[in-house]
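In case you want the letters, here they are:
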Amino acid sequence: MSVRSVRGRALLCLLCVALCYVVSLGVPQLRAQGETAAVRLRPVTALTPAQDSARGQPLGAAAEQRITLALHDVALKDALRVIATQGNVVLFYNDHDLPADRRVSLVVTDATIIQALRMALRGTGLTARTIAGGIVLVRRATTPQRPEMREQQGAIRGTITDSTTSAPVGGATVAVNDGEPRTVTGADGSYRLAHVPAGMVTLNVRRLGYAPASRQVTVYPDSETVVDVRLVSAPQMLDEVVTTGTVVPTEVRALPTPITVINGADIARQHPHSIQELFRQAVPSAVSWDFAAYPYQTAFSVRGASTLSPGVAQMKVFIDGTEAAFPTAAGIDPNSIARVEVVRGPEAAAIHGADASGGVIQIFTKHGDIGLTRPQVDAQVALGMVQTPYAGYERVPRQTYAASLSGGGSDVSYSVGAGYSHTDDYVAAVSAQSNPSVHGGMHFVHGMTTIDISGQYYTQQDPQAYNPAVMESGLASYSKPFYLPFDVQSQRVGARIHMTPATWWQHTLTMGLDRLTEEAEQTQPRLTTPADTLLEVLSFDYAKTSLGYNTSVQGTLGAGLTGSLTAGFDYYNRPATSWYTFSALATTGPIRTAPSGAFTVNRYATQNTGYFTQFQLAVHDALFVTGGLRGDQNTDFGADVGTRLSPQVGISYVHPIGAVTLKLRGSYGRAIRAPGAGLKFAAVTPAGDVLANPLLGPERQQGGDAGLDATFGSRGSLSATYYNQTADDLIQQVPMQSDSVPTSQYQNVGRVKNAGIELEGSVTVGPMLLKGQYGYTRSRIERLAPGYTGDLRVGDQSLWTPKQTGGMSLSLAPRQGTSITAGLTYVGSWTYYDVLGELRCFGKTGPCQPTSRDYLTTYPGFAKVNLTISQQLEQFISAFLSVDNLTNNDAYEATNINPVMGRITTIGVRFQY
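About the thresholds
- Residues numbered from 1 in each chain as written.
- Predicted model: local features only at pLDDT ≥ 70, side-chain atom pairs only at ≥ 80, totals over all residues.
- Heavy atoms only, no water.
- Helix = DSSP H or I, 4+ residues; strand = E, 2+ residues; numbered from the N terminus.
- Buried < 20%, exposed > 50% of the residue type's maximum accessible area, 1.4 Å probe, protein only.
- Contact = heavy atoms within 4.5 Å.
- Disulfide = S-S within 2.5 Å.
- Patch = residues over 30% accessible without salt bridge, like charges linked within 9 Å, V, L, I, M, F, W, Y side chains within 5 Å.
- Areas by Shrake-Rupley, 256 points an atom, 1.4 Å probe, with all protein chains shown as cover.
- Salt bridge = Lys/Arg side-chain N within 4 Å of Asp/Glu carboxyl O.
- Pairing = 2+ DSSP bridges.
- Axes fitted to C-alpha atoms, helices over the stretch in contact; angles between N-to-C directions.
- Core = buried A, V, L, I, M, F, W, Y, C linked by side-chain atoms within 4.5 Å.
- 1 Å grid on protein atoms, 1.4 Å probe; cavity = no way out; pocket = protein on both sides within 12 Å on 5 of 7 lines; lining within 4 Å.
- Points joined across faces, edges and corners; volume = space filled by probe spheres on them.
- Polar contact = N/O pair within 3.5 Å; in protein donor to acceptor, adjacent residues only side chain to side chain.

Visitor: Run through the overall build of the protein, naming residues and quoting values.
Guide: Within the protein, the regular secondary structure consists of ten helices and 47 strands. Looking at the protein as a whole, 51% of its 913 residues qualify as buried. Sequence-distant contacts, at least 24 apart, represent 67% of the contacts inside the protein between residues at least 6 apart.

Structural data, given as structure tokens:
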């Protein structure tokens, strides 16, 4: 990096800091104006008789309204004002009762106004009571209790479970009456409330994703009452809070783009072996091939093709805010995942930047739960059987182990875990797979500061394996096993520091390192011919260091008008190093090659800097407008390209009609994908010369979508989206005129048109929860390079792009302690090469086609079913049966040279305490 560029970036950072300071000087004035327009605190010295007689009476719908907020180190009066404003109520209080120097930090999630007020007033001697026209803050009675009165207390304990699956529900809030005492359930769903007043009380249980539950409970003095509660899943699509596509946590109702959220309950029900299974069952238009030989592969795509380059990642992947170094190999232990957010299309690029052309996947791992009364242990052991269509390997054993420990206190929570799986040889004598992993996360809150730290170590040990039919193709090079075990390791560590110096101003700093290494050493000569005695050795290393900062201001701009403004930057450095040889004499010690052999060594480093801003406006919490702009500079751009912009704009409107809430939305965005490392440079290869291209720019995708979302109370939800996008400036290798050796150049010349529909829905009927999704994708090639000599034609459907995809899951609990979950993944037919047919032609064991285009074939679609049955055996022990590919479908995925796995049956025991 030049001194000039370093000075330029430093100056730009100083300007950003100065801008934030100027904004901070102006925002308090806006805030004061908003408070004057709607005063919510009203000092009084005495209550009127009508108010005093109405103390404790219902306040109506306003008192039942639920609010969510986060305040850090603010004055008590300011905290009360925020609560009253959000709850749209008037507070009455005696001014001298409020401690003048009292400051509070408060995190409230989906709580009533009374609950929020009482949490803010803890330690002040004040409590909140409803009166006519509002809520009054009064002092608690200070008369010493008589001994017999102090004894009139008992306790309540029990377990909170999912009514459909009978699985424990962790993180649920359990409270008595208006919220005191209260606690949070642990990972095993258990809770205990002490010091509960004797007599009849109301036990309230709430958890995001479930309908609230209340139970009338009689508490006896010096006794413990057991109350178990089964929560009913309640689709609350519009009320979920997400951060993908935004920076400020935002309810789905305010987003102009569709988003799919896969929560922890969905993951627990399915018992998935990989994140790919979750992705394609839950996300409309999603494609994620199940590569049996390479389970670490995460080739995610949605809404058709946004590139013509094979193997290029079409979606950007974040894990706890850290960018994946190699998105197509972003493997992670499913047991470590707390939730997944998926934004489809280019609109998210205005925040998440280059390489988000096809959309963004954010994976959030477990960090424990603040408020746990004791550490929680979750361990499971499972043995299984893999069925294959290959002779001699029809039934192959598999074993899996997983364990985690989570806990928390008043200001910190943590989760650590490990896993291991092993599958014996399933294709040939050199195909066994092993997968050890370790993961951990911590969440820390103190005053205005929140810190999240996480790390993962994920390994896949997989040999190079093919469909056994490849060995019978007649080609000598494929006639023997490769004896080439791969060791693929993902190492991630990241930290996110969030500071809220004022209720209207917040800062977030994110740092991370993601590293992917891939190594392989041939264990013995292949001897496909007597002379085939040399060995293959290879090593790839990708490391992405990322740093990001953003600041947001938010507040009231006028009557019924609120807004936020976010600005930030991010930077990553990704060096990539590889070396390999096919002619090694040995694979240990100093590696030497045969006299005619050589090493191939490559090293590229990519740097990307992005600057972005986004605004969000809300009018009467019904009309929402979002707009953003981002600029990216990337070292893989041609030297003459400069900064590329990615704008985004969208609008949504939410309107309730009885028990139904409707949301109309529309958005437009433009995103980019940087060229592959080194494509802009000149090169000399055995196939010919490649000319440099100083004008090589990023691939772009632009377009919009429009849709309708609806929620039907707590019974169901439905989402429908139409999208129309164009992927342009796609990079292809273009032949150039030359009188000597073959010459080419990488140019921005291709175009693909993507259009289709996406449907998502869920419905709850009693103890049954049904979720489903469907996608139709028309991905048409509209332009190719001048002089293009390849196999594609204008009008073709993009390769590897099924026109139809779908998924479904059904969960129910037929009896106490028993849960059943069934899932379906459907992938329609797609076009790709008959690679096995080509190999048979070359090996002279099959017919040959006139041209390579004639090898393009339509692969038949397939459906795969999964089933999980769980049974509670004892208080802390349950057993489960999990079956993937229940119908033992041996359909090819992606291409016919990849091996397949049929039915995978697993029986396990789970211990939760």
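Visitor: Please give an account of the state of the cysteines that cites residues and values.
Guide: Taken as a whole and assessed by the stated rule, the structure comprises one disulfide. Covalent S-S linkage joins Cys-841 and Cys-848, the inter-sulfur distance amounting to 2.0 Å. Here the disulfide of Cys-841 and Cys-848 is right-handed, its torsion about the S-S bond being about 105°.

Visitor: Mind laying out a nonpolar patch on the surface, listing which residues take part and the relevant values?
Guide: A contiguous nonpolar patch, built from Val-377, Leu-405, Val-416, Leu-873, Ile-877, Val-909, Phe-911 and Tyr-913 and spanning about 610 Å² of accessible area, is present on the exposed surface. For Ile-877, a relative accessible area of 30% gives the class partly exposed.

Visitor: Explain the sheet that holds strand S18 (residues 316-319) to me, using residue names and the numbers behind them.
Guide: Within the open sheet, the five strands sit side by side as S17-S20-S21-S18-S19. Their pairing is mixed. The sheet is open, and its two edges are formed by strand S17 (259-263) and strand S19 (322-323), each paired on a single side. Bridge count for S18 against S19 is two bridges, and the pairing is antiparallel. Residue pairing for S19: Ile-319 is matched across the bridge by Thr-322. Contacts from helix H8 (residues 275-282) reach S17, strand S20 (337-344) and strand S21 (359-365) within the one sheet, and its direction differs from that of S17 by about 135°.

Visitor: Which residues make up the nonpolar core, and what values go with them?
Guide: Counting 45 residues, the largest nonpolar core has Trp-289, Tyr-426 and Trp-830 as the members making the most contacts within it. When contributions to this core are tallied by element, the ones reaching two or more residues are strand S27 (485-502), strand S28 (505-521), strand S29 (535-558), strand S43 (830-833), helix H10 (835-842) and strand S44 (856-859). With four residues, the top contributor of residues to this core is H10. Ignoring any residue separated from it by four or fewer positions in sequence, one finds Trp-830 in contact with Trp-289, Trp-800, Thr-801, Pro-802, Thr-857, Thr-858, Tyr-859, Pro-860, Phe-862, Tyr-892, Glu-893 and Ala-894. Ala-84, Val-89, Ala-120 and Ala-128 belong to the second-largest nonpolar core, a separate cluster that totals 28 residues.

Visitor: So, the pattern of salt bridges: which residues are in play, and what are the values?
Guide: Across all of its chains, the model carries 27 salt bridges by this definition. Arg-515 is paired through a salt bridge with Asp-541; the nearest N and O atoms lie 2.6 Å apart. With Arg-515 in strand S28 and Asp-541 in strand S29, this residue pair connects regions lying 26 residues apart in the sequence. A relative accessible area of 31% means that Arg-515 is categorised as partly exposed. In this structure, Arg-665 engages Asp-709 in a salt bridge whose closest nitrogen and oxygen atoms are separated by 2.9 Å. Note that Arg-665 is positioned in strand S34 (residues 660-673) and Asp-709 in strand S37 (residues 699-712), a separation of 44 residues in sequence. For the pair shown, Arg-665 and Asp-709 are each scored as buried. Overlapping salt bridges, with partners in common, bring together Arg-303, Arg-344, Asp-705, Glu-758 and Glu-760 in one network.

Visitor: I'd like to hear about the sheet that holds strand S12 (residues 213-219), residue by residue, with values.
Guide: Across the sheet, which stays open at both edges, the four strands sit in the order S9-S8-S11-S12 with antiparallel pairing between neighbours. In this open sheet, the two strands that pair with only one neighbour each are strand S9 (182-184) and S12. When the angles between neighbouring strand axes are averaged without regard to direction, this sheet yields 20°. In the sheet, strand S8 (residues 173-176) pairs with strand S11 (residues 199-206) via four bridges, with the strands oriented antiparallel. If you follow Val-176 over to S11, its bridge partner there is Leu-203.

Visitor: Lay out empty space enclosed by the protein in plain terms, naming residues and giving numbers.
Guide: Per the stated rule, a full pass over the model turns up seven cavities of 30 Å³ or more. What lines the second largest cavity is simply Val-427, Ala-428, Val-430, Gln-464, Ala-465, Tyr-466, Val-470, Met-471, Tyr-478, Lys-480, Pro-481 and Phe-482.

Visitor: Report on the pairing of S34, specifying residues and quantitative values.
Guide: When strand S33 (residues 644-657) meets S34, the two strands line up antiparallel, connected through ten bridges. Pairing of Tyr-653 across the sheet is with Leu-664, part of S34. The antiparallel pairing of S33 with S34 creates a hairpin that spans two residues between the two strands, and Gly-658 there sits at a positive phi of about 65°. Note that S34 and S37 share 14 bridges and pair antiparallel. Paired with Thr-661 across the strands is Thr-711, a residue of S37.

Visitor: An account of the environment of Thr-459 is requested, with residue identities and associated values reported.
Guide: You can see Thr-459 is positioned in strand S26 (residues 449-463). Looking at Thr-459, the relative accessible area reads 2%, which means it is buried. As a C-alpha pair, Thr-459 and Ser-490 span 31 residues in sequence and 6.3 Å in three-dimensional space. Those residues in contact with Thr-459 that lie beyond four places of it in its chain are Ser-434, Asn-435, Pro-436, Asp-487, Val-488 and Gln-489.

Visitor: So, unusual backbone geometry: which residues are in play, and what are the values?
Guide: Although it is not a glycine, Trp-800 sits at a positive phi angle of roughly 65°. In this fold, Trp-800 is placed in the loop between strand S40 (768-783) and strand S41 (804-815). Assessed through its relative accessible area of 29%, Trp-800 is described here as partly exposed. Positive phi values are uncommon outside glycine, yet Asn-885 reaches one of about 55°. Locating Asn-885 in the fold gives a position in the loop between strand S46 (877-884) and strand S47 (904-912). Residue classification places Asn-885 among the buried positions, given a relative accessible area of 6%.

Visitor: Before we move on, could you go through the side chain of Thr-307 and cite the residues and values that matter?
Guide: As for its placement among the helices and strands, Thr-307 is situated in the loop between H8 and S18. Polar side-chain contacts of Thr-307 include one of 3.2 Å to the backbone nitrogen of Ser-309. Discounting residues that sit within four places of it in the chain, Thr-307 has contacts with Val-312, Gln-314, Arg-673, Glu-699 and Leu-730.

Visitor: So what's going on with the environment of Arg-840? Which residues, and what values?
Guide: Within the secondary structure, Arg-840 sits in helix H10. A relative accessible area of 34% means that Arg-840 is categorised as partly exposed. Sequence separation between Arg-840 and Ser-473 is 367 residues, and the spatial gap between their C-alpha atoms is 4.6 Å. Apart from residues no more than four positions distant in its own chain, Arg-840 is found in contact with Ala-469, Ser-473, Thr-845 and Gly-846.

Visitor: Residue-level account of H8, with values.
Guide: With respect to burial, H8 is a largely interior element, seven of its eight residues being buried. Among all positions in H8, only Ile-275, Gln-276, Glu-277, Leu-278, Phe-279, Arg-280 and Gln-281 are buried.

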